[in-house]
Amino acid sequence: MARIHTVGGAPAAVIAGQRVELLDRARVYACGITPYDVTHLGHAATFAWVDTLGRVLRFLGVDPEVCRNVTDVDDVLDAAASRAGAAYDTFAAIQQFPFERDMTALNVRLPEHEPRAHRYVAQVIRLASGLLDVGAAYAREGSVYFRGAGMASRAGLERAEALRLSGEYAGRPDDPAKDDPLDVAVWQASEAGHPAWDSPWGPGRPGWHAGCVAMAMSVFGPAVDIHAGGADLRFPHHAYHAAMAEAFTGVRPYARAWLHAGIVTIGGAKMAKSAGNLVLLEELLAAHPAAAIRLMILDRPWAQSWDYQPGLIDAAAARLESLYKAAGRTVSGDPAAVDEMRRLLAADLDVPAALDLAIETGGGPARTLAGVLGLT
Ligand SMILES: [Zn+2]
């Protein structure tokens, strides 16, 4: 008698309206931290969502391969290291410890790959050479600039807005060496107070976007399935990353889908050290159960920005209690409920609806969801 094998349909996830068909593996690149400061709730929210994306992919039968880089070549980090009297790489490595401790507490799993920017300088040099070869960049005064004149329209932004964001995110739109204010350094000529490496254009260092391109391509090749990061990275960082990668490889699109986690605000204002309104993860973890903090982050549409208020953690703790109570019920649970949860989570990570269902159904499905969301 022939054995009949039952096989499911090919898994697909919808991310930000983009259907991503997958077989057994998904390449997820997440822009990681610049380790010069403490971890705040905004960082935690982004990385909790990246972690949840990976867990949901696994729930769908897909092996996630997550790469979360460490941006240890960075002008702000250099300044912080210099104030601390430390070498930039030593300083970054030390700053990374509390970040990893806080991520572990929040049940964010270690990514499969964690490349550090300073180890990918040779790849950035090759990237710059390739961009020069195809005419997407030009060398000037020891730097190599990527041609960014078309970046505003590519990103769907007014040019004035693109210039404002470029200035805000260290794009140096006022640099007179550039043909266009929206050009950015793939390779930055050396400057006092920053590390420098030899290159065909003289000593210098990788530009921010180029560093991420080099790391993503070295780990995954020319394209990724999902590129993730905070919504504030959408422009310029992610727009330039995709444009450089596509110009270099000719493979389009560089990313099949983007997960831009919503920004966490305080009283409507973006969290920033300069504004003195940082909500530190370490302090939240000292006062509340980590699973309640995690659920506060996840029990909402991932793309939406939200305002943090202390009462939200208490509400999340109560919701968590309901989930645990439901999970403890001895009802066998409707097996169709697990399929429905899988469908809800595949549909743009609809955690609130999956939670409602789990709490209502109880038993096995509720235990399954607590595991999938990393709340156990
Ligand atoms: Zn990046």
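Further up the page is the structure itself.
*Asks:* Describe the overall build of the protein, listing the residues and the values that go with them.
*Replies:* Scanning the protein from N- to C-terminus turns up 14 helices and 13 strands. Whereas a compact globule of 376 residues would reach a radius of gyration of roughly 21 Å, the protein reaches 22 Å, a difference of no more than 12%. For the C-alpha atoms alone, the extent of the protein along its principal axes is close to 70 × 55 × 40 Å. Contacts spanning at least 24 positions in sequence make up 75% of the contacts within the protein whose residues lie at least 6 apart. In the structure as shown, the protein presents an accessible area of about 16,200 Å², 54% of it carried by carbon and sulfur atoms. In the protein, which carries 34 positive and 43 negative side-chain charges, the distance between the mean positions of the two groups comes to 4 Å.

*Asks:* Break down the environment of D72 for me, citing the residues and quoting the values.
*Replies:* Relative to the helices and strands, D72 resides in the loop between β4 (63–68) and α2 (75–84). Classification of D72 by relative accessible area gives buried; the value is 0%. Sequence-wise, D72 and R342 are 270 residues apart; in three dimensions their C-alpha atoms are separated by 37 Å. In this structure D72 touches P35, L77, Y88, A92, R116, A117 and H118, once residues within four positions along its chain are discounted. In terms of polar contacts, D72 uses its side chain to reach the side chain of H118, at 2.6 Å.

*Asks:* A description of the pattern of salt bridges should follow, citing residues and the corresponding values.
*Replies:* Enumeration according to the criterion identifies 28 salt bridges in this entry. The partner of R101 in a salt bridge is D102, with the nearest N and O atoms 3.2 Å apart. A relative accessible area of 43% places R101 in the partly exposed class. Using a relative accessible area of 4% as the deciding quantity, one classes D102 as buried. Its salt-bridge partner being R164, residue E161 comes within 3.1 Å of it at the nearest N-O pair. Residue E161 and its partner R164 are located together in helix α6 (residues 159–168), separated by 3 residues, close to a single helical turn. A residue is classified by how much of its surface remains accessible, and R164, at 45% relative accessible area, is partly exposed. Salt bridges sharing common partners tie together D51, R55, R109 and R294.

*Asks:* Outline the sheet that holds strand β8 (residues 204–206), supporting the account with residue identities and numerical values.
*Replies:* Spatially, the 4 strands line up as an open sheet ordered β5-β6-β7-β8, and their pairing is antiparallel. Unpaired on one side and paired on the other, β5 (137–140) and β8 mark the two borders of the sheet. Neighbour-to-neighbour, the strand axes of this sheet turn through a mean angle of 20°, independent of strand direction. Looking at chain direction, β5 and strand β6 (residues 143–146) are connected through 4 bridges and run antiparallel. Bridge pairing links A137 to F146 in β6.

*Asks:* An account of the state of the cysteines is needed here, citing residue identities and associated values.
*Replies:* Evaluation of the coordinates by the stated rule reveals 0 disulfides. The closest cysteine sulfur to the non-disulfide-bonded C67 is located on C212, 8.4 Å from its own sulfur. On the basis of relative accessibility, which here comes to 2%, the residue C212 falls in the buried class.

*Asks:* Quick rundown of helix α11 (residues 311–328)? Include the residues and the values.
*Replies:* If you check α11, its first and last C-alpha atoms are 26 Å apart, about what 18 residues at 1.5 Å a residue would give, namely 26 Å. Those residues of α11 that fall on the buried side of the exposure criterion are I313, A316, L320, L323, A326 and A327. The buried residues of α11 occupy one face: seen down the axis, they fall within an arc of 135°. What points out from α11, more than 90 degrees from its buried face, is the exposed set D314, K325 and G328. In this fold, the buried residues of α11 make contact with α9 (281–287), α10 (290–298), α13 (351–361) and α14 (363–372).

*Asks:* So what's going on with the side chain of D74? Which residues, and what values?
*Replies:* Among the structural elements, D74 can be located in the loop between β4 and α2. Among buried Asp, Glu, Lys and Arg side chains, D74 stands out as unpaired, with R205 the closest opposite charge at 8.7 Å. Polar side-chain contacts of D74 include one of 2.8 Å to the backbone nitrogen of V76.

*Asks:* Go over the packing of aromatic side chains with me, naming the residues and quoting the values.
*Replies:* Per the counting criterion, the structure on display carries 7 aromatic pairs. For the pair F47 and F99, a centre-to-centre distance of 5.5 Å together with 80° between the ring planes defines the contact as edge-to-face. Note that F47 is positioned in helix α1 (residues 41–59) and F99 in helix α3 (residues 88–105), a separation of 52 residues in sequence. Relative accessible area serves as the criterion here: at 3%, F99 is assigned to the buried category. By way of ring pairs, the aromatic residues F146, F235 and Y240 are connected into one cluster. If you follow R68 out to its NZ or CZ, it ends over the ring of F47, 5.5 Å from the centre. Its end group placed over the ring of W306, R300 keeps NZ or CZ at 3.9 Å from the ring centre.

*Asks:* Which residues make up the packing of helix α12 (residues 335–346) against α14, and what values do they have?
*Replies:* Running from N to C, α12 and α14 cross one another at 30°; their axes reach a closest spacing of 9 Å. When the axes of α12 and α14 are compared, the pair comes out roughly parallel. As for the relative orientation of α12 and α14, their crossing is right-handed in sense. Residues A337, V338, M341 and L345 of α12 touch α14, and the partners they reach there are P365, T368, L369 and V372. Its residues placed into classes, the contact of α12 with α14 shows 7 nonpolar, 1 polar and no charged.

The rules we used
- In this numbering scheme, every chain counts its residues from 1 along its sequence in written order.
- Reporting in this predicted model follows two pLDDT cut-offs: at least 70 for local features of residues, and 80 or more for side-chain atom pairs to be given and counted; totals over whole chains, interfaces and linings ignore these cut-offs and use all residues.
- No hydrogens and no water enter the side-chain calculation; it runs on all heavy atoms of the structure.
- Helix and strand assignments follow DSSP, with helices taken as H or I runs no shorter than four residues and strands as E runs no shorter than two, numbered in order from the N terminus.
- Computation of the radius of gyration draws on C-alpha atoms, with the globule rule given as 2.2 Å multiplied by the number of residues to the power 0.38.
- Every residue pair with non-hydrogen atoms within 4.5 Å of one another is taken to be in contact.
- Note that accessible areas follow from Shrake-Rupley with a 1.4 Å probe, and for residues the cover is restricted to the protein chains shown.
- Charged-residue counts in this description rest on Lys and Arg as positive and Asp and Glu as negative, His and the chain ends being excluded.
- Where a charge sits is defined by one atom per residue type, namely NZ (Lys), CZ (Arg), CG (Asp) or CD (Glu).
- The cut-offs for exposure are 20% and 50% of the maximum accessible area for each residue type, with area from a 1.4 Å probe on protein chains only; residues under the lower value are buried, those over the upper are exposed, and the others partly exposed.
- We define a polar contact as two N or O atoms separated by no more than 3.5 Å, with the added condition that, inside protein, one atom must be a possible hydrogen donor and the other a possible acceptor, whereas residues neighbouring each other in sequence contribute only through side-chain atom pairs.
- Think of a salt bridge as a Lys or Arg side-chain nitrogen and an Asp or Glu carboxyl oxygen that are within 4 Å of each other.
- Strands pair, by our definition, only if DSSP identifies at least two bridges between them.
- An axis is simply a line fitted to the C-alpha atoms; with a helix, the fit covers only the stretch in contact. Between two such axes, the angle follows the N-to-C directions and lies from 0 to 180 degrees.
- Criterion for a disulfide: a pair of cysteine sulfur atoms within 2.5 Å.
- Under the convention used throughout, the expected extent of a helix is 1.5 Å for every residue step, that is, one less than its residue count.
- The arc in question is formed by the directions pointing from the helix axis toward the C-beta atoms.
- Note on ring pairs: Phe, Tyr and Trp rings are taken, using the six-membered ring of Trp, and paired if centres are within 6.5 Å. Classes follow the plane angle, with under 30 degrees stacked, over 60 edge-to-face and the rest tilted.
- The rule is short: NZ of Lys or CZ of Arg within 6 Å of the ring centre and within 35 degrees of the ring normal puts a charge over the ring.
- Angle categories are assigned with fixed cut-offs, so that under 35 degrees is roughly parallel, over 145 is roughly antiparallel, 65 to 115 is roughly perpendicular, and the rest are oblique.
- Take the far helix as your reference; a near helix turned counterclockwise from it by less than a right angle gives a left-handed crossing, and one turned clockwise gives a right-handed crossing.
- Residue polarity follows a fixed list, in which Ala, Val, Leu, Ile, Met, Phe, Trp, Tyr, Cys and Pro are nonpolar, Asp, Glu, Lys and Arg are charged, and the others, Gly among them, are polar.

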